[in-house]
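Descriptive structure summary
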Amino acid sequence: MADRPASETPIGSNLPPLSLHVPEPRFRPGDPVDYSHLPIPPAGAQPRPDEGCPASDTAPLCIDLIRVLDENHQAVGPWDPRLDAETLRRMLRVMALTRAFDDRMYRGQRQGKTSFYMKCTGEEATSVASAFALADDDMVFPSYRQQGILIARGYPIVDMINQIYSNRADKLKGRQLPIMYSSREHNFFTISGNLATQYPQAAGWAMASAIKGDSRIASAWVGEGSSAEGDFHAAMTFATVYNAPVVFNVVNNQWAISSFSGFAGAERATFASRAVGYGMAGLRVDGNDPLAVYAAARWAANRARANMGPTLIEHFTYRAEGHSTSDDPGQYRSAQEREEWPLGDPIMRLKRHLIARGEWSVEQHTAMDAELVEHVKAATKEAEKNGVLGHGLHHPFRTMFEDVFEELPWHLQEQSEQAMRERRIKWPEWKES
């Protein structure tokens, strides 16, 4: 029987015509915002299973939302990590420093000092609190909004700015886009502009660590949009099959550039629930609650270190700013979304918790913010001595041919010499430094 054209319906058929579903966000520019459809459970109501439990025991936590800080700014429930005040103050400081750094770099891009920048405003806890929960020698495979991990691990702010400006002090020699850092010394794997590549890399690194009998684990981050990439699912399969000691983090900030999370599957299920299908442990956590993020990351890290395998953590949060300096979120989402977001701001929540404990004050916080602004300002001025975008203060031209081969192959040697000749012809005054 011949195939029937899709546009034709048989005479007398009572079958309804098929229709394609295209996800659509609830709010567009100018719309009032009402988040009452989001189920936000009370803090402290979620059970905390043993870190060595069967993965299936975590299935209810893949659709729940692990929360620690309640409406009175108190830490409650079994997921309370019971961190001391000094650790919490350090965590607060790193998150505040990350935000101050973002603000300064955003202004620098608008002033033409760099070509590109991406802020993590509202998402600081997903990287900083996670970094505090990991060991410093655990390998992290970040996406492009995890600058807080580098800052938490003590990477110099000046070096971060040098990389953003691609100047002569850039440790990556101008070979990466701004904000795509790399630091072997800080166990921070090179950020890739190709989304989700870090997931299979993290799974492979974790498998290698297990093969060697090491004690270090891996942790990787992607946005919820990247979870639709094939690399995500390949990594999940390998990690589960080989029981790899890895923590997979999905930062569900509701938007992948201008596409809302429904295009990655959020209308049908939570992102954490994908763990169930793979037989992996999964947790869904309030990504704006630093204590909850810390507790979930520590639980997953301890589980991996105990040879109990991988965990998928969904951080339910909100991207308060544009996707990048090239993006205008006002073109595709309501301006009220940020203000109405029901889980608040991670820095404010930790600040209020410390104040409620009698371990912090509004005056101390104001003084800290002012100090951090000056700290970032001074680091920026120091970095700008090495150059900014379009100034000519870069690494020597010859370095674009170096650091790949131990000895430069003949064809690259020829290309290098040709490039040098053409450069001297075009700019006679140019001198290779």
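This text gives an overview of the structure that appears in the document.

This part takes up the pairing of strand β7 (residues 311-316). For β7, the buried fraction is high: 6 of the 6 residues fall into the buried class. Here β7 shows no split at all, with Thr 311, Ile 313 and His 315 on one side and Leu 312, Glu 314 and Phe 316 on the other all buried. Note that strand β3 (residues 246-252) and β7 share 6 bridges and pair parallel. When the sheet's bridge partners are listed, Val 247 is paired in β7 with Thr 311. Relative to β7, strand β6 (residues 281-286) runs parallel, the two being bridged by 6 bridges.

We now examine the packing of helix α4 (residues 157-165) against helix α11 (residues 362-384). With their axes 9 Å apart at the nearest point, α4 and α11 run at an angle of 50 degrees to one another. The orientation of α4 with respect to α11, classified from their angle, is oblique. In this structure, α4 crosses over α11, and the sense of that crossing is right-handed. Residues Ile 157, Val 158, Ile 161, Asn 162 and Tyr 165 of α4 pack against His 375, Ala 379, Thr 380, Glu 382, Ala 383 and Glu 384 of α11. Residues belonging to the contact of α4 with α11 are distributed by class as follows: 6 nonpolar, 3 polar and 2 charged.

Quick look at the pairing of β3 now. Taken across its 7 residues, β3 has 7 buried, putting it largely inside the fold. Burial of the side chains of β3 extends over both faces: Val 246, Phe 248, Val 250 and Asn 252 are buried on one face and Val 247, Asn 249 and Val 251 on the other. Both strand β2 (residues 218-223) and β3 contribute to a ladder of 6 bridges, which runs parallel. Residue Val 222 lies in a different strand from β3, and its bridge partner there is Val 250.

This model, assessed by the stated rule, comprises 13 aromatic pairs. Ring centres of Phe 27 and Tyr 35 lie 5.7 Å apart, and the angle between their planes is 80 degrees; on these two criteria the pair is classed as edge-to-face. Each of the two residues, Phe 27 as well as Tyr 35, counts as buried. A ring pair is formed by Phe 238 and Tyr 242, whose centres lie 6.1 Å apart and whose planes are at 25 degrees; its orientation type is stacked. The structure contains a cluster of three or more aromatic residues connected by ring pairs, namely Phe 27, Tyr 35, Phe 316, Tyr 318 and Trp 341. In this structure, Lys 119 is placed above the aromatic ring of Tyr 106, and the distance from its NZ or CZ to the ring centre is 4.9 Å. The lysine or arginine in question, Arg 274, covers the ring of Phe 232, its NZ or CZ lying 5.7 Å from the ring centre.

Let's shift gears to helix α8 (residues 290-305). Taking 1.5 Å per residue as the helical rise, α8 with its 16 residues ought to reach 22 Å, and the 22 Å between its terminal C-alpha atoms agrees with that figure. By the criterion of burial, α8 is predominantly enclosed, with 13 of the 16 residues buried. Downstream of α8 by one or two residues, Asn 307 has phi in the positive range, about 65 degrees.

Take the environment of Ile 217 next. On the secondary structure map, Ile 217 appears in the loop between α5 (198-212) and β2. Residue Ile 217 is classed as buried on the basis of its relative accessible area of 1%. Residues within four places of Ile 217 in sequence aside, it is in contact with Leu 134, Asp 138, Met 139, Trp 205, Pro 245, Val 247, Ala 301, Ala 304 and Arg 305.

Here we come to the environment of Phe 397. Position of Phe 397 relative to the elements: it lies in the loop between α11 and α12 (410-426). For the pair Phe 397 and Pro 81, spaced 316 residues apart in sequence, the C-alpha to C-alpha distance is 51 Å.

What counts and what doesn't
Residues numbered from 1 in each chain as written. Predicted model: local features only at pLDDT ≥ 70, side-chain atom pairs only at ≥ 80, totals over all residues. Heavy atoms only, no water. Buried < 20%, exposed > 50% of the residue type's maximum accessible area, 1.4 Å probe, protein only. Helix = DSSP H or I, 4+ residues; strand = E, 2+ residues; numbered from the N terminus. Pairing = 2+ DSSP bridges. Axes fitted to C-alpha atoms, helices over the stretch in contact; angles between N-to-C directions. Parallel < 35°, antiparallel > 145°, perpendicular 65-115°, else oblique. Left-handed = near helix turned anticlockwise from the far one by under 90°. Contact = heavy atoms within 4.5 Å. Nonpolar A, V, L, I, M, F, W, Y, C, P; charged D, E, K, R; others polar. Phe/Tyr/Trp six-rings, centres within 6.5 Å; stacked < 30°, edge-to-face > 60°. Lys NZ or Arg CZ within 6 Å of the ring centre and 35° of its normal. Expected span 1.5 Å × (residues − 1).

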